[in-house]
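Now for the letters of each chain:
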Amino acid sequence: MRFLSLNRAKRFGLAAVALAALGMATVPGTQAQSQSQAPIKIGVLAPVTGPLSTPGKDMVDGWKLFWEQAKNQAGGRNVEYVIADTTCNPDQALTQARRLVHQEKVHFLVGPLCGHEGPAVAQVSKETGVPLVMDSAGADSVTKWDRTPTMVRTAVSASQIGHPFGDYLYKELGKRNVTFIAQDYTWGQEVALGMVRTFTEAGGKVAKLIWNPIGTKDYGATIASIPADTDAVVAVVVGADRVRLFEAWFSFGMDKKKTIYGGYWMHQDVLPQLDDRAIGMIGNSLNYAAGLDTPENKAFTTAFAQAYRRLPSWFGESAYTAGLWTKTAIDSINGKVEDREAFLKAMRTVQVRAPRGPLRLDEYDNPIQNVYISKIQKIKHPVLGDVLTNVPVKTYEGVSQFWTDKPEDFLKRGPYKR
């Protein structure tokens, strides 16, 4: 039984999760397939298992929520999607992308989640001509130095969220000598080095830059190596490491000695694993915060909470918005996704107002969007009751992936490399 109706899919939820973990889950539209027009088929690449499976679940759930609300319809056609498990591994992402294109015959791809998977999946799009809607992988290169004509990004470029935080760190937090703790892979490097660039250009000094691999079990050595004269610490951490750093920080009594800020750390999906010690701490510099007070975000977070009994992280919102963006584009071309050029042109020209705010693509196929500096607060949610969430305290409006530079000047600088 490969194709399930929506109601039956809900009853067989556990089976669907098991299939998704194998990269084989298929979820179809709710209405009968038209005899004259085949369904639109979308391949979704997400880390259902592995070190980033929690963000991966948010990504899948955000995507599912949008299409359930849209009744799995776009451009007058039924929509089906196939979820493929990438495990946050570029080789696996490459294999799954090729499977979706050659075996599943999808009309376009969405994903992957992890930054270092993005270039691998973009290569499949380049080889085959099958459009790629990159979400939420944020490797800078794919919308800067190594662009793919058949790819657009609906999420964010890694350093795009780093640049505002470096500026905020110096100008509004007043920090001058800072240690950065960052994850040692593409996304972590580019987010952190984007922060370092704007912080140092403003006049700040980097006391130390500490790199940790994904899956670091013990942050004791990292904490012990923080220079004594550091006046603040900034964390750029992903996956299960986020909890490990949080616990180590308090276990070593660092909360009484230094101030630590989440440049990219306390996302919504990890907050249920933390506690009230997080309240008041800066959690993130991101293009989304679940505590954003807008009608669009309130409607989204309420629906997400009702469906999944939790608030969405930025991965959930990003996938939801990828659904909104693709449907808007498909509607504008009356469902003719087989015309790849028309679909890509529509993706590049439509504008959407997402839960995170207004969005439009720049000429390099990356969104121009707001970036929010947020603090962790406990709120009383109408569905969930008392819950920790990220609430914006500063909004950088209409942030470009090139920050304040002209694109040609930014590109001349070359990629951020550690």
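Residues numbered from 1 in each chain as written. Predicted model: local features only at pLDDT ≥ 70, side-chain atom pairs only at ≥ 80, totals over all residues. Heavy atoms only, no water.

Visitor: Any chance you could explain the overall build of the chain here in plain terms?
Guide: For the chain, the count of helices and strands is 13 helices and 16 strands. Computed over C-alpha atoms, the radius of gyration of the chain comes to 21 Å, within 12% of the 22 Å expected from 2.2 N^0.38 for 418 residues, which places it in the range of a compact globule. Classification of the 418 residues of the chain by burial places 61% in the buried group. (Helix = DSSP H or I, 4+ residues; strand = E, 2+ residues; numbered from the N terminus. Rg over C-alpha atoms; globule rule 2.2 N^0.38 Å. Buried < 20%, exposed > 50% of the residue type's maximum accessible area, 1.4 Å probe, protein only.)

Visitor: Can you help me understand the state of the cysteines in this one?
Guide: In protein chemistry, a disulfide is the covalent bond that joins the sulfur atoms of two cysteines. With the rule as written, the count across this model stands at one disulfide. Linked covalently through their sulfurs, Cys88 and Cys114 form a disulfide whose S-S length is 2.0 Å. Its S-S torsion of approximately -125° makes the covalent link between Cys88 and Cys114 left-handed. One end of the pair, Cys88, is in the loop between strand E4 (77-85) and helix H4 (90-102); the other, Cys114, is in the loop between strand E5 (108-110) and helix H5 (118-128), with 26 residues separating them in the sequence. Across the pair, exposure class does not vary: Cys88 and Cys114 are buried alike. (Disulfide = S-S within 2.5 Å.)

Visitor: Would you explain helix H11 (residues 314-332) in this entry?
Guide: Structural remark: α-helix, 3.6 residues per turn; residues separated by three or four positions point the same way. Taking 1.5 Å per residue, 19 residues should reach 27 Å; H11 reaches 27 Å between its end C-alpha atoms and fits that length. The element H11 is largely enclosed, with a buried count of 15 among its 19 residues. (Expected span 1.5 Å × (residues − 1).)

Visitor: Any chance you could explain the nonpolar core here in plain terms?
Guide: Generally speaking, nonpolar side chains in soluble globular proteins are found buried as a group. Ile42, Trp187 and Tyr264 are the most contacted members of the largest nonpolar core, which has 86 residues in total. A total of eight residues in this core trace back to one element, the largest contributor, which is H11. Trp187 has contacts with Gly115, Gly138, Val156, Ala158, Ile161, Val238, Tyr264 and Trp314, leaving out every residue within four places of it along the chain. Counting 25 residues, the second largest nonpolar core, distinct from the first, contains Tyr219, Ile223, Val233 and Phe250. (Core = buried A, V, L, I, M, F, W, Y, C linked by side-chain atoms within 4.5 Å. Contact = heavy atoms within 4.5 Å.)

Visitor: Explain the side chain of Asn366 here, please?
Guide: Assignment of secondary structure puts Asn366 in the loop between strand E14 (357-361) and strand E15 (367-381). Within polar-contact distance, the side chain of Asn366 engages the side chain of Gln160 at 2.9 Å. With near-sequence residues (within four places) excluded, Asn366 lies in contact with Thr143, Arg153, Val156, Ser157, Gln160, Arg360, Leu361 and Gln401. (Polar contact = N/O pair within 3.5 Å; in protein donor to acceptor, adjacent residues only side chain to side chain.)

Visitor: Looking at this structure, how should I read the packing of helix H3 (residues 53-69) against H11?
Guide: A pair of packed helices can be characterised by two numbers: the angle between their axes and the separation between those axes. Here H3 crosses H11 at 35°, and the two axes come no closer than 7 Å. Considering the relative orientation of H3 and H11, their crossing is right-handed. Together, Pro55, Asp58, Met59, Gly62, Trp63, Leu65, Phe66, Trp67 and Gln69 of H3 and Phe315, Gly316, Ala319, Tyr320, Ala322, Gly323, Leu324, Thr326 and Lys327 of H11 make up the contact between the two elements. Per-class residue counts for the contact of H3 with H11 are eleven nonpolar, five polar and two charged. (Axes fitted to C-alpha atoms, helices over the stretch in contact; angles between N-to-C directions. Left-handed = near helix turned anticlockwise from the far one by under 90°. Nonpolar A, V, L, I, M, F, W, Y, C, P; charged D, E, K, R; others polar.)

Visitor: Is there a simple way to think about the packing of aromatic side chains in this case?
Guide: In this description, an aromatic ring pair is defined by two values, namely the gap between the centres and the angle between the planes. What the rule picks out here adds up to 23 aromatic pairs. Ring geometry for Phe246 and Phe250: centres 4.9 Å apart, planes at 55°, overall tilted. On the criterion of helical spacing, the pair formed by Phe246 and Phe250 is a turn pair, its members being four residues apart in helix H9 (residues 241-251). Exposure class is identical for Phe246 and Phe250. Each is buried. Between Tyr364 and Phe402, the aromatic rings sit 5.1 Å apart at their centres with planes inclined by 70°, giving edge-to-face as the arrangement. Placement of Tyr364 in the loop between E14 and E15 and of Phe402 in the loop between strand E16 (385-399) and helix H13 (407-413) is noted, with a sequence separation of 38 residues between them. Neither Tyr364 nor Phe402 differs from the other in exposure class; each is buried. Each residue in the set Trp63, Phe66, Trp67, Tyr81, Tyr288, Phe300, Phe304, Tyr308 and Tyr320 is aromatic and connected to the rest through ring pairs, giving one cluster. Sitting over the ring of Phe250, Arg277 keeps its end group 4.7 Å from the ring centre. (Phe/Tyr/Trp six-rings, centres within 6.5 Å; stacked < 30°, edge-to-face > 60°. Lys NZ or Arg CZ within 6 Å of the ring centre and 35° of its normal.)

Visitor: Can you walk me through helix H7 (residues 186-202) in this structure?
Guide: Taking 1.5 Å as the rise per residue, H7 with 17 residues should run 24 Å; its terminal C-alpha atoms sit 24 Å apart, in good agreement. Burial of H7 is extensive: 13 of the 17 residues sit out of reach of the surface. Residue Gly203 follows H7 closely and has a positive phi angle near 125°.

Visitor: Help me understand the pairing of E4 in this model?
Guide: If a strand is regular, its side chains alternate between the two faces of the sheet. Of all nine residues in E4, nine are buried; the element is thus mostly enclosed. Looking at chain direction, strand E2 (residues 40-46) and E4 are connected through seven bridges and run parallel. From the neighbouring strand, Ile42 faces E4, where its bridge partner is Tyr81. Pairing of strand E3 (residues 73-74) with E4 involves two bridges; the strand directions are antiparallel. Directly across from Gln73, in E4, lies its bridge partner Asn78. (Pairing = 2+ DSSP bridges.)

Visitor: Quick question: what am I supposed to make of unusual backbone geometry here?
Guide: Keep in mind that most residues, glycine aside, have a negative phi and that most peptide bonds are trans. With an omega of -10°, the peptide bond running from Gly111 to Pro112 counts as cis. For Pro112, the position within the fold is in the loop between E5 and H5. For the bond from Asp135 to Ser136, the omega torsion is 10°, close enough to zero to count as cis. Relative to the assigned elements, Ser136 resides in the loop between strand E6 (132-134) and strand E7 (151-153). The backbone phi angle of Lys71 is positive, close to 55°, even though this residue is not glycine.

Visitor: Whenever I open this one, the confidence of the model for the chain confuses me. Can you help?
Guide: As a general rule, the predicted coordinates of low-pLDDT regions are not to be interpreted in detail. Confidence in the prediction of the chain, expressed as mean pLDDT, is 92, and 91% of residues score 70 or more. Note on residues 1-36: pLDDT is under 50 here. Beyond four places in sequence and across chains, it has 53 contacts. (pLDDT = per-residue confidence, 0-100.)

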